[in-house]
Amino acid sequence: MDKEVVIIGGGIIGLSTAYYLHKEGHQVTVIDQSNISSGASFVNAGYVSPSHFIPLAAPGMINKGIKWMFNRSSPFYIKPRLDLDLLKWGWNFKNSSTQSKVDKAIPILKDFNLFSKELYEEIKSSNEFNFFYKRKGLLMYYQTEKGGEEEWNLAQRAIKEGLIAKNLTTQEVKEYEPDVDLNINGAIYYDCDSHMTPDDFIKEIYSYLRSKGVVFYLNERVIELKRSKNKISKIITDKQVLDIDEVVLAAGSWSPMLTKQLDLKISVQAGKGYRINVKRETGITMPAILVEAKVGVTPMNGFTRFAGTMEIGGINHNIDPIRVKSIARLAESFYNNLDITNDDIENAACGLRPCSPDGLPYIGKYSKFKNLTIATGHAMMGWSMGPATGKLVSEIISDKRTSINLEPFSVQRFG
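Before going into details, it helps to say that this report is about the structure given with it.

Reading the values: the criteria
- Residues numbered from 1 in each chain as written.
- Predicted model: local features only at pLDDT ≥ 70, side-chain atom pairs only at ≥ 80, totals over all residues.
- Heavy atoms only, no water.
- Pairing = 2+ DSSP bridges.
- Helix = DSSP H or I, 4+ residues; strand = E, 2+ residues; numbered from the N terminus.
- Axes fitted to C-alpha atoms, helices over the stretch in contact; angles between N-to-C directions.
- Expected span 1.5 Å × (residues − 1).
- Buried < 20%, exposed > 50% of the residue type's maximum accessible area, 1.4 Å probe, protein only.
- Arc of directions from axis to C-beta.
- Bend = angle between axes of the 7 residues up to and from the residue.
- Parallel < 35°, antiparallel > 145°, perpendicular 65-115°, else oblique.
- Left-handed = near helix turned anticlockwise from the far one by under 90°.
- Contact = heavy atoms within 4.5 Å.
- Nonpolar A, V, L, I, M, F, W, Y, C, P; charged D, E, K, R; others polar.

## Looking at the sheet that holds strand 13 (residues 241–243)
Read from one edge to the other, the open sheet built from three strands follows the order 11-12-13, with strand pairing classed as antiparallel. Strands at the two margins of the open sheet, each flanked by one partner only, are strand 11 (222–228) and strand 13. Recorded for the sheet is a direction-independent mean angle of 25° between the axes of neighbouring strands. Looking at chain direction, strand 11 and strand 12 (residues 231–237) are connected through six bridges and run antiparallel. Across the sheet, the residue bridging to Leu225 is Ile235, located in strand 12.

## Re helix 8 (residues 198–211)
Taking 1.5 Å per residue, 14 residues should reach 20 Å; helix 8 reaches 20 Å between its end C-alpha atoms and fits that length. Within helix 8, burial applies to Pro198, Phe201, Ile202, Ile205, Tyr206, Tyr208 and Leu209. Mapping the buried residues of helix 8 onto a view down its axis gives an arc of 165°, with all of them on the same face. Those residues of helix 8 that are exposed and angled more than 90 degrees off the buried face are Lys203, Arg210 and Ser211.

## Focus: helix 12 (residues 382–397)
Maximal helix bending in helix 12 amounts to about 30°, located at Ala388. Most of helix 12 sits inside the fold, with 15 of its 16 residues counted as buried. One or two steps after helix 12, the chain reaches Asp399, where phi turns positive at roughly 60°.

## Let's talk about the pairing of strand 8 (residues 186–190)
Counting buried positions over the five residues of strand 8 gives five, a clear majority of the element. Neither face of strand 8 is left uncovered, since the one carrying Gly186, Ile188 and Tyr190 and the one carrying Ala187 and Tyr189 both have all their residues buried. Examined bridge by bridge, strand 6 (residues 138–142) and strand 8 share five bridges and lie antiparallel to one another. Counterpart to Leu138 in the pairing with strand 8 is Tyr190. The sheet contact formed by strand 7 (residues 165–168) and strand 8 spans four bridges and is antiparallel. Within the sheet, the bridge partner assigned to Lys166 lies in strand 8 and is Tyr189.

## So, unusual backbone geometry
Despite not being glycine, Ile36 shows a phi value in the positive range, around 55°. Looking at where Ile36 falls in the secondary structure, it is placed in the loop between strand 2 (27–32) and helix 2 (40–43). Despite not being glycine, Thr309 shows a phi value in the positive range, around 75°. Looking at the element boundaries, Thr309 is found in strand 18 (residues 304–312).

## Quick word on the packing of helix 1 (residues 12–23) against helix 12
The N-to-C vectors of helix 1 and helix 12 enclose an angle of 40°; their axes lie 7 Å apart at closest approach. It follows from the interaxial angle that helix 1 and helix 12 lie oblique. The chirality of how helix 1 crosses helix 12 is right-handed. Contacts from Ile12, Ile13, Ser16, Thr17, Tyr20 and Leu21 in helix 1 reach Gly382, Trp383, Gly386, Pro387, Thr389, Gly390, Lys391, Val393, Ser394 and Ile397 in helix 12. A class-by-class count of the residues in the contact of helix 1 with helix 12 yields eight nonpolar, seven polar and one charged.

## Some thoughts on the environment of Phe93
Examined against the element boundaries, Phe93 turns out to sit in helix 4 (residues 84–96). For Phe93, a relative accessible area of 3% corresponds to the buried category. Through-space distance from the C-alpha of Phe93 to that of Ile13 is 23 Å; in sequence the pair is 80 residues apart.

## Concerning the sheet that holds strand 1 (residues 4–8)
With mixed pairing, the six strands of this open sheet are ordered in space as 10-2-1-14-21-20. Of all the strands in the sheet, just strand 10 (215–218) and strand 20 (362–366) have a single pairing partner and so form its edges. This sheet shows a mean twist of 15° between the axes of neighbouring strands, independent of strand direction. In this structure, strand 14 (residues 246–249) lies alongside strand 21 (residues 369–376), joined through three bridges in parallel fashion. Considered in strand 21, the bridge of Val248 is made with Thr373. Of the strands in this sheet, strand 1, strand 2, strand 10, strand 14 and strand 21 are in contact with helix 1, which crosses strand 1 at around 165°.

This is the structure:
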């Protein structure tokens, strides 16, 4: 039976969900507090990355986080503040940072990303879109022997999981990136990854959905989810009241603000990331991650993007110039002839990634409300996991068997 579905959130998760719900024949409305032109879906590195199978909550991250807490330019920074939700999130993060839990998460994340990659390629081959999508793999550049050893250990685990990975010398790297002067000791190459230009895809899928009758209410803020027994009966915004059959909460880092109204607790913290776009020729043709710097580099459609940092500091879009400059200087330390100018730095943008404590997203129904589906908590993998999440949510609402087991993504796993 066709349903009236309202999606709260117009990022990659919300738009992917709208796409698959429309394909299932549902009447879809999307509400977004912006005009779908900014946020995490626009500033990410654009990776579709089965090779990213290690969650943020990994052994050793607690110690690194404590050390980095006193360094504003560090790649992972938690801004100290008295906040009960942050303390609870930190406790759950600590409990998730065990080798046994990471080992359990690895095949889950890998399979999820492989599924999402298949869906991206299916969308691309449908001839309904013309977005930038390249399957060139991913290079992990390292400068130190320790960095190389750690990355090769991860690559060996990837090989065990069925992925293709190679350990390259500096000379072998030149076969992949011949026109760039690199300051590295080697690289790990993953064959399985792809990259995109996020802005292009978002604009295309938004235009497509509008042409198919999906309704968009932009620059509109959801104020209240009205309850009636075990259902959400109405959505109240700052402009109107909407009746619904089903609601999908895909509001990223803002999702907990709405679930609190319903006495539902999902543990999510906003993780700020930054991007710098260089719109001059850099010679860079391969997407890469600078291992020691924790900076992502992506050759996009007409420019090169440098993205990085994870800053747990609450809901805000304040740009810290120290962190942005750090991304630029670290990138220049890997690419000998790269020049990221002050203008590039001043035009940097940020986005807030919704981070769950264990690095797995929340996808599924909440038992108290039979018509509420939650889809958030994807951390740095939101872009990569977008289509798979949208497909799963459409299967849930259409009462179909899901393509992937949803148990690991339970929205109630932290109580």
